[in-house]
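Analysis of the macromolecular model
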Amino acid sequence: MAMKYIISILLFTSAFVFTNCGTEPKQVPDKPAPIASDIHSKLIYFTQQKSISDTFPLPQDKHQTFQIRETASRYFESACARTVDWPGDSIATLVCIREYQMAIKLDKKYWYAYRNLSRCFSRFNRNDLAMESLNKAIEYGPGLENAPELYAMRAGLFYDTHNFKAAIPDFQNMVNIGYSPQAYYYYYLALATLKNGEREKAALIIKNAKGIDFSDYDLKMFEL
């Protein structure tokens, strides 16, 4: 089992419930954009972005246009639908970023938009912006009991960026509330603890996980 990829997979996996967006407003051209034939020239603006609120010239593409919408929820729904229709498409993700930014501009406490914006930034390996967005989602979200996915995402992002000490509390939160899959969060709590230099404590986490099936996990590093 390729355990080293599972964090990234969980970070990018999401499910959305959409409502009918109704009649779309008249399309409005965006600011002048880089040449559409070269995605790398478009991304150069993005890689220089300093914060989650910064905007950049969007690619011009007949399939991925930006439209002005009236409400934060309309921007959110459009971005979610775009993600489903164009999974993994770089241009679509750039447009989604702008749409989530517009949603947040209209509703600064729209934590769903911050959450999804974090996922978009992660697709471009902008972990700094992904973390900034995620922390905003947690700030405005309903809390651990009602939105544990936010803390699970942050634990994974901390782990992926080798900030194991910071990842431990969020993995511990997942264990404490019994977030599923439990074996996964126990394992990565122990692994983050091990990588933080606490081998004996890491082994105890696995030993004390009564009734948890770790048959799919390699426990050799814990000397078990």
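Residues numbered from 1 in each chain as written. Predicted model: local features only at pLDDT ≥ 70, side-chain atom pairs only at ≥ 80, totals over all residues. Heavy atoms only, no water.

Observations regarding the overall build of the protein
A count of helical and extended segments in the protein gives 10 helices and zero strands. Ordered by position from the N terminus, the helices and strands of the protein form the series α-α-α-α-α-α-α-α-α-α. In the protein, which comprises 224 residues, the share counted as buried stands at 47%. Intrachain contacts of the protein at a sequence separation of at least 6 include 64% that bridge at least 24 residues. With the model as given, the accessible surface of the protein reaches about 12100 Å², and the carbon-plus-sulfur share is 51%. (Helix = DSSP H or I, 4+ residues; strand = E, 2+ residues; numbered from the N terminus. Buried < 20%, exposed > 50% of the residue type's maximum accessible area, 1.4 Å probe, protein only. Contact = heavy atoms within 4.5 Å. Areas by Shrake-Rupley, 256 points an atom, 1.4 Å probe, with all protein chains shown as cover.)

Some details on the packing of aromatic side chains
Per the stated rule, a full pass over the model turns up 18 aromatic pairs. Geometrically, the ring pair formed by F171 and Y185 is tilted, given 6.3 Å between the ring centres and 45 degrees between the ring planes. Linking F171 in helix α8 (residues 164-176) with Y185 in helix α9 (residues 182-195), this pair joins segments that are 14 residues apart in sequence. Taken together, a centroid distance of 6.2 Å and an interplanar angle of 80 degrees make the contact between F214 and Y217 edge-to-face. Note on accessibility: F214 and Y217 belong to one class, buried. (Phe/Tyr/Trp six-rings, centres within 6.5 Å; stacked < 30°, edge-to-face > 60°.)

With respect to the side chain of T93
Along the chain, T93 falls in helix α4 (residues 90-106). T93 has contacts with C120, R123 and F124, leaving out every residue within four places of it along the chain.

Brief notes about unusual backbone geometry
Cis geometry is adopted by the peptide bond preceding P181, which originates at S180 and carries an omega value of 0 degrees. With respect to the helices, strands and loops of the structure, P181 is situated in the loop between α8 and α9. A positive phi angle is found at N125, which is not glycine, with a value near 60 degrees. With respect to the helices and strands, N125 occurs in the loop between α5 (111-123) and α6 (127-140).

Structural notes on the confidence of the model for the protein
The share of residues in the protein with pLDDT of 70 or more is 80%, and the mean pLDDT across the chain is 84. Mean pLDDT values for the elements of the protein range from 41 in helix α1 (residues 6-12) up to 98 in α8. (pLDDT = per-residue confidence, 0-100.)

Let's talk about the pattern of salt bridges
Following the criterion strictly, the structure yields eight salt bridges and no others. With a closest N to O distance of 3.2 Å, E149 and R115 form a salt bridge. A residue pair is termed long-range when its members are at least 10 positions apart, and E149 in helix α7 (residues 148-160) and R115 in helix α5 qualify at 34 residues. You can call E149 partly exposed: its relative accessible area is 24%. What makes R115 buried here is its relative accessible area of 6%. Close ionic contact of R126 with D128 constitutes a salt bridge, the shortest N to O distance being 2.8 Å. (Salt bridge = Lys/Arg side-chain N within 4 Å of Asp/Glu carboxyl O.)

Focus: the packing of helix α3 (residues 72-85) against α5
Running from N to C, α3 and α5 cross one another at 35 degrees; their axes reach a closest spacing of 11 Å. Crossing of α3 over α5 shows left-handed handedness. Residues F76, C80 and T83 of α3 form the contact with α5, whose own contacting residues are Y112, A113, R115, N116 and R123. Partitioning the contact of α3 with α5 into residue classes produces four nonpolar, two polar and two charged. (Axes fitted to C-alpha atoms, helices over the stretch in contact; angles between N-to-C directions. Left-handed = near helix turned anticlockwise from the far one by under 90°. Nonpolar A, V, L, I, M, F, W, Y, C, P; charged D, E, K, R; others polar.)

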